[in-house]
2 protein chains.
Amino acid sequence: MSVTAAKGFTAAGIAAGIKENGNPDLALVVNNGPRQAAAGVFTSNRVKAAPVLWSEQVLKGGQVSAVVLNSGGANACTGPQGFQDTHATAEKAAEELGTSAGEVAVASTGLIGELLPMDKLLPGVRAAAAALSEHGGEKAAIAIKTTDSVHKTAVVQRAGWSVGGMAKGAGMLAPGLATMLVVLTTDADVDSAALDRALRAATRTTFDRVDSDGCMSTNDTVLLLASGASGETPAHDEFAEAVRELCDDLARQLIGDAEGASKDIRIEVVGAASEDDAVEVGRSIARNNLLKCAIHGEDPNWGRVLSAIGTTSARFEPDQLNVAINDVWVCKNGSVGEDRDLVDMRYREVRVTADLSAGSESAVIWANDLTADYVHENSAYSS
Amino acid sequence: MSVTAAKGFTAAGIAAGIKENGNPDLALVVNNGPRQAAAGVFTSNRVKAAPVLWSEQVLKGGQVSAVVLNSGGANACTGPQGFQDTHATAEKAAEELGTSAGEVAVASTGLIGELLPMDKLLPGVRAAAAALSEHGGEKAAIAIKTTDSVHKTAVVQRAGWSVGGMAKGAGMLAPGLATMLVVLTTDADVDSAALDRALRAATRTTFDRVDSDGCMSTNDTVLLLASGASGETPAHDEFAEAVRELCDDLARQLIGDAEGASKDIRIEVVGAASEDDAVEVGRSIARNNLLKCAIHGEDPNWGRVLSAIGTTSARFEPDQLNVAINDVWVCKNGSVGEDRDLVDMRYREVRVTADLSAGSESAVIWANDLTADYVHENSAYSS
């Protein structure tokens, strides 16, 4: 169902020839209204891809009638020519759809530092416009895949309205947004300010707390488009919760398909003096390569959790730290706790709980293990 | 030559039975004077091992007559019993050597979160004291190895005096000191304040700029002991330079033997507005798993360098960044530069140069690639 689950949207996904292997590589999502409100959040990496720079400008107007997304090339670190190519892409879509380029967002994903083959991309935009359909959501989701092994979609249904979306991302997943492109759509009748509020609240505790490999992309983009086609205007809290639920679902799918991963690690930091402390400690644990290797080896090596906590500025006393792995408190008061042999790590999901004993705040960060497959996939990616 | 290259020192390395495989696991270094001045720097990890807490206290006196080092167990996260065990180790050495426990530094390395087998360690101290020799430096260096494939020693000779040392460390190598134990000795006649000044200056640009895997240990210890046995008191700058040279040599040996590594990566950041900026950018590049994988695959993937730079707070403009890999400027002005096929990455040493075009400061960080062997070694370490 994806981005076409909500009324008022059409989409398409086609093979434009950007990817040399002939796989689908170009998606188009169109908001047919009556409303064309939109909000977006983008990577906090200071090196931003051309489509991010373009779409940030587009989103300032709060109005998006279409989104063009391509895989097969990130159009990042491509200089003025790269920006012109993004602009030309938006112009082409506007021409095909009878709208203004200033209302066309663009998103790209793939290798950094190479210009896009515009001789293939522009005809692709035309072909995608011709293929637009109310059932095109799945195909659009498939066309934005890079190293993803599966496409990711989700829908949250409410009385009379819905929110749906698609996401891609399997590596370079880290806070400040993952390497991911996400388009969410709703037929609720919500203005762009309310969309922005709901989207920022949702991404802060979902996509922003995914950390597969500590690497922040130049291209991350999450867009939320509202068509108003349901005629329903839900209460803001209800709408925001639906958006959060949708983002949570898609973020979880990203982690579940991370490059080379064999484990999904749910890191919950409790007993923190502040939420910031909890997030800082969670991220430090999430990025500890030695712990990620240990979890890959199904080794409840809690010493590596303590080492990671020790590098943070969070409030805690070393002799009051407690750590559980899959609910077995293997570290109590900063020292040896329950028998580590009690920890069963056979399943894909591994839960690490760190209790800082310094307050009542908490946060959850999702991460992956570090595997030889990750190394293999990323040592061969551009070659 | 190691720690016994300088006059006034004896050392020993023996197998005390701490390691189950029977390899050497206990080293003793003794300063026979006439002077017993010392300085030390320790991990900045807030979770500190018992021997670090102990030795920090010992070093406050500026006087160290002996150092006991064991591999086979880190004695970290072991609570009050762990600290008592370190204390007992120092007491035992003091008894054997006829000195005071308050002048005996202790250092440990190995698995975190397990108590040391004191029934083996204490008789080991006795055996090591009996084996002390002016030629014991090599054996001491061998006894502190954990996953090191080779033992590391170095000597800097000057007119009438020298500085020598040993180091161990192959993983968990990161700033704020690596997982490493280092003992440096000199027969120069230098007081503890001057030793401290020379040691801090030297570690700041050597051991502190090694980053094999971004993981900071609980046990890092670098000690510098002076016997005064040469009767020479060199000018401070000359002495400090000799210590820096020694530290640089040993730090380079640590990177060259990092767990699973196939490449040593020299990251030089130039054109920075400040040295802090240069170090922050260098560390960010050094810790980027995707780049580390790319270098393992001999892929000059400069986009990953730019992604890493983009996550820092250093002063730069994205369209003024330049990156060279092995002296080929593959990225110019934030975009595509010289042909990446010109980059030859067949050799173990890979040089990444990042020019921020924002000033004239620079820094060098040494790192390693990320390999399947690293994953294998660290997923099986404690199991």
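Residues numbered from 1 in each chain as written. Chains lettered and ligands numbered in written order. Predicted model: local features only at pLDDT ≥ 70, side-chain atom pairs only at ≥ 80, totals over all residues. Heavy atoms only, no water.

Notes on the overall build of chain A
Link 1 in the chain: Counting its regular elements, chain A contains 10 helices and 16 strands.
Link 2 in the chain: Here the C-alpha atoms of chain A give a radius of gyration of 21 Å, agreeing with the 21 Å that 2.2 N^0.38 yields for 383 residues.
Link 3 in the chain: Across the 383 residues that make up chain A, the buried fraction comes to 61%.
Link 4 in the chain: In chain A, the proportion of contacts linking residues at least 24 apart, taken out of those at least 6 apart, comes to 79%.
Link 5 in the chain: Of the accessible surface of chain A, which amounts to about 12,900 Å², a share of 46% is contributed by carbon and sulfur atoms.
Link 6 in the chain: Treating the 32 positive side-chain charges of chain A as one cloud and the 51 negative ones as another, the clouds have centres 1 Å apart. (Helix = DSSP H or I, 4+ residues; strand = E, 2+ residues; numbered from the N terminus. Rg over C-alpha atoms; globule rule 2.2 N^0.38 Å. Buried < 20%, exposed > 50% of the residue type's maximum accessible area, 1.4 Å probe, protein only. Contact = heavy atoms within 4.5 Å. Areas by Shrake-Rupley, 256 points an atom, 1.4 Å probe, with all protein chains shown as cover. Lys, Arg positive; Asp, Glu negative; His and termini not counted. Charge placed at Lys NZ, Arg CZ, Asp CG, Glu CD.)

Remarks on the pattern of salt bridges
All names here are of chain B.
Link 1 in the chain: One pass over the full model with this rule turns up 35 salt bridges over all chains.
Link 2 in the chain: Measuring nitrogen to oxygen at the nearest pair gives 3.0 Å for the salt bridge that ties Arg340 to Asp299. Remark: Asp299 occurs in the loop between α8 (289-296) and α9 (302-309) and Arg340 occurs in the loop between β14 (335-336) and β15 (349-355); sequence separation between them is 41 residues.
Link 3 in the chain: Taking the relative accessible area as the measure of exposure, Arg340 reaches 23% and is therefore partly exposed.
Link 4 in the chain: Exposure remark for Asp299: the relative accessible area of 1% places this residue in the buried category. (Salt bridge = Lys/Arg side-chain N within 4 Å of Asp/Glu carboxyl O.)

Observations regarding the domain arrangement of chain A
All names here are of chain A.
Link 1 in the chain: Domain assignment breaks chain A into domain 1 (2-256) and domain 2 (264-379).
Link 2 in the chain: Each of domain 1 and domain 2 has a C-alpha centre, and these two points are 33 Å apart.
Link 3 in the chain: Listed per partner, the contact involves 14 residues of domain 1 and 17 residues of domain 2.
Link 4 in the chain: Of the roughly 1,300 Å² buried between domain 1 and domain 2, counting both surfaces, carbon and sulfur atoms make up 39%. (Domains from an automatic or database assignment. Buried area = accessible area lost by both parts, 1.4 Å probe.)

As for the sheet that holds strand β13 (residues 328-332) of chain B
Residues and elements named next belong to chain B.
Link 1 in the chain: Sheet architecture is open: seven strands sit in the order β9-β16-β11-β15-β12-β13-β14, paired in mixed fashion. Lying at the two open borders of the sheet, with one neighbouring strand each, are β9 (210-211) and β14.
Link 2 in the chain: Relative to strand β16 (residues 361-368), strand β11 (residues 264-272) runs antiparallel, the two being bridged by seven bridges. Each bridged residue has a counterpart across the sheet, and for Arg266 the counterpart in β16 is Trp366.
Link 3 in the chain: Contacting β9, β11, β15 and β16, helix α6 (residues 236-256) crosses the sheet at an angle of about 40° to β16.
Link 4 in the chain: Here helix α7 (residues 275-286) sits on the sheet in contact with β9, β11, β15 and β16, set at roughly 20° to β16. (Pairing = 2+ DSSP bridges. Axes fitted to C-alpha atoms, helices over the stretch in contact; angles between N-to-C directions.)

Description of the relation of the copies chain B and chain A
Link 1 in the chain: For the pair chain B and chain A, the best superposition has an RMSD of 0.0 Å and corresponds to a rotation of 180° with a translation of 0.0 Å parallel to the axis. Here the two chains are linked by the operation of a two-fold rotation axis. Nearest to the rotation axis, the C-alpha of Ala372(B) is located 2.2 Å from it, this being the minimum over chain B.
Link 2 in the chain: Interface overlap between copies is the fraction of interface residues in one copy that are interface residues in the other; for chain B against chain A it reaches 100%, indicating a shared surface. (Least-squares fit on C-alpha atoms with pLDDT ≥ 70 in both.)

Focus: the side chain of Asn322(B)
Residues and elements named next belong to chain B.
Link 1 in the chain: By the element assignment, Asn322 lies in strand β12 (residues 322-325).
Link 2 in the chain: Among the polar contacts listed, one links the side chain of Asn322 to the side chain of Ser357, at a separation of 3.5 Å.
Link 3 in the chain: Excluding residues within four positions of it along the chain, Asn322 makes contact with Trp329, Cys331, Lys332, Asn333, Thr353, Ala354, Asp355 and Ser357. (Polar contact = N/O pair within 3.5 Å; in protein donor to acceptor, adjacent residues only side chain to side chain.)

Digging into the packing of helix α1 (residues 50-60) of chain B against helix α2 (residues 79-97) of chain B
Residues and elements named next belong to chain B.
Link 1 in the chain: Look at α1 against α2: their axes get within 8 Å of each other, and the N-to-C directions meet at 50°. Put simply, α1 runs oblique to α2. The way α1 lies across α2 gives a crossing that is right-handed. The residues of α2 that touch α1, namely those facing Ala50, Pro51, Leu53 and Trp54, are Gly82, Phe83, Thr86, His87 and Ala90. (Parallel < 35°, antiparallel > 145°, perpendicular 65-115°, else oblique. Left-handed = near helix turned anticlockwise from the far one by under 90°.)

Quick look at the interface of chain B and chain A
Link 1 in the chain: Each partner contributes residues to the interface: chain B has 52 residues there, and chain A has 52 residues.
Link 2 in the chain: Scanning the region where chain B abuts chain A turns up zero salt bridges.
Link 3 in the chain: At the boundary of chain B with chain A, the tally comes to five residue pairs in polar contact (both at pLDDT 80 or more).
Link 4 in the chain: Counting residues per element, the ones that place at least two in the side of chain B that touches chain A are α8, α9, β14 and α10 (372-379) of chain B.
Link 5 in the chain: Its residues assigned to classes, the side of chain B that touches chain A comprises 22 nonpolar, 24 polar and six charged. (Nonpolar A, V, L, I, M, F, W, Y, C, P; charged D, E, K, R; others polar.)

Remarks on the environment of Val183(A)
All names here are of chain A.
Link 1 in the chain: Structurally, Val183 is set in strand β8 (residues 181-186).
Link 2 in the chain: For the pair Val183 and Leu225, spaced 42 residues apart in sequence, the C-alpha to C-alpha distance is 7.7 Å.
Link 3 in the chain: Not counting chain neighbours up to four residues away, the residues in contact with Val183 comprise Val3, Val29, Val67, Leu69, Gly164, Gly165, Met166, Leu223 and Leu225.

So, the confidence of the model for chain A
Link 1 in the chain: Residues at a pLDDT of 70 or more form 95% of chain A, whose mean pLDDT is 87.
Link 2 in the chain: Across residues 171-178 of chain A the pLDDT falls below 50, and counting only partners more than four positions away or on other chains, this stretch makes 51 contacts in the model. (pLDDT = per-residue confidence, 0-100.)

Section: the state of the cysteines
Note: disulfide means a covalent bond formed between the sulfur atoms of two cysteine side chains.
Link 1 in the chain: Using the criterion set out here, one finds zero disulfides over all chains in the structure.
Link 2 in the chain: No disulfide involves Cys331(B); its sulfur sits 6.2 Å from that of Cys77(A), the nearest cysteine. (Disulfide = S-S within 2.5 Å.)

Details of the sheet that holds strand β8 (residues 181-186) of chain B
All names here are of chain B.
Link 1 in the chain: Reading across from one edge, β3-β10-β8-β7-β6 is the order of the five strands in this open sheet, with mixed pairing throughout. Edge positions in the open sheet fall to β3 (37-42) and β6 (152-158), since each of these has one partner strand only. Between one strand axis and the next, the sheet turns through 10° on average, direction left out of account.
Link 2 in the chain: Direction of pairing for β8 relative to strand β10 (residues 221-226): parallel, over a ladder of six bridges. For Leu184, the partnering residue across the bridge sits in β10 and is Leu224.

Points about unusual backbone geometry
Link 1 in the chain: Note that the residue after Gly33(A), namely Pro34(A), is joined by a cis bond; omega there is 20°.
Link 2 in the chain: Tracing the chain through its elements places Pro34(A) in the loop between β2 (26-31) and β3 (37-42).
Link 3 in the chain: Unusually for a residue other than glycine, Asn75(B) sits at a positive phi of about 50°.
Link 4 in the chain: What makes Asn75(B) buried here is its relative accessible area of 0%.
Link 5 in the chain: With a phi close to 60°, Cys77(B) is a non-glycine residue in the positive phi region.
Link 6 in the chain: Among the secondary structure elements, Cys77(B) is positioned in the loop between β4 (66-70) and α2.
Link 7 in the chain: The class of Cys77(B) is buried, set by a relative accessible area of 7%.

Side note on the packing of aromatic side chains
Link 1 in the chain: The tally for this structure, following the rule as stated, stands at four aromatic pairs over all chains.
Link 2 in the chain: The positively charged end of Arg252(A) is found above the aromatic ring belonging to Trp366(A), 4.0 Å away from the centroid. (Phe/Tyr/Trp six-rings, centres within 6.5 Å; stacked < 30°, edge-to-face > 60°. Lys NZ or Arg CZ within 6 Å of the ring centre and 35° of its normal.)

Regarding α1(B)
One full turn of an α-helix is made of 3.6 residues, so residues set three or four places apart face in the same direction.
Link 1 in the chain: Those residues of α1(B) that sit buried are Ala50(B), Pro51(B), Val52(B), Trp54(B), Ser55(B), Val58(B) and Leu59(B).
Link 2 in the chain: Buried residues belonging to α1(B) abut β3, α2, β5 (104-108) and β10 of chain B.

Focus on helix α5 (residues 192-204) of chain B
Residues and elements named next belong to chain B.
Link 1 in the chain: When the terminal C-alpha atoms of α5 are compared, their 18 Å separation across 13 residues agrees well with the 18 Å that a helix rising 1.5 Å per residue should span.
Link 2 in the chain: Residues of α5 that are buried include every one of Ala194, Leu195, Ala198, Leu199, Ala202 and Thr203, and no others. Seen along its axis, α5 keeps its buried residues to an arc of 150°; they face one direction. In α5, the exposed positions that point more than 90 degrees away from the buried face belong to Ala193 and Arg197. (Expected span 1.5 Å × (residues − 1). Arc of directions from axis to C-beta.)

As for the pairing of strand β6 (residues 152-158) of chain A
Residue and element names in this part refer to chain A.
Link 1 in the chain: The sheet contact formed by β6 and strand β7 (residues 161-168) spans seven bridges and is antiparallel. Opposite Gln157, over in β7, you have Ser162 as the bridge partner.
Link 2 in the chain: Counted along the chain from β6 to the antiparallel partner β7, the turn is two residues long, and its residue Gly160 has a positive phi close to 90°.

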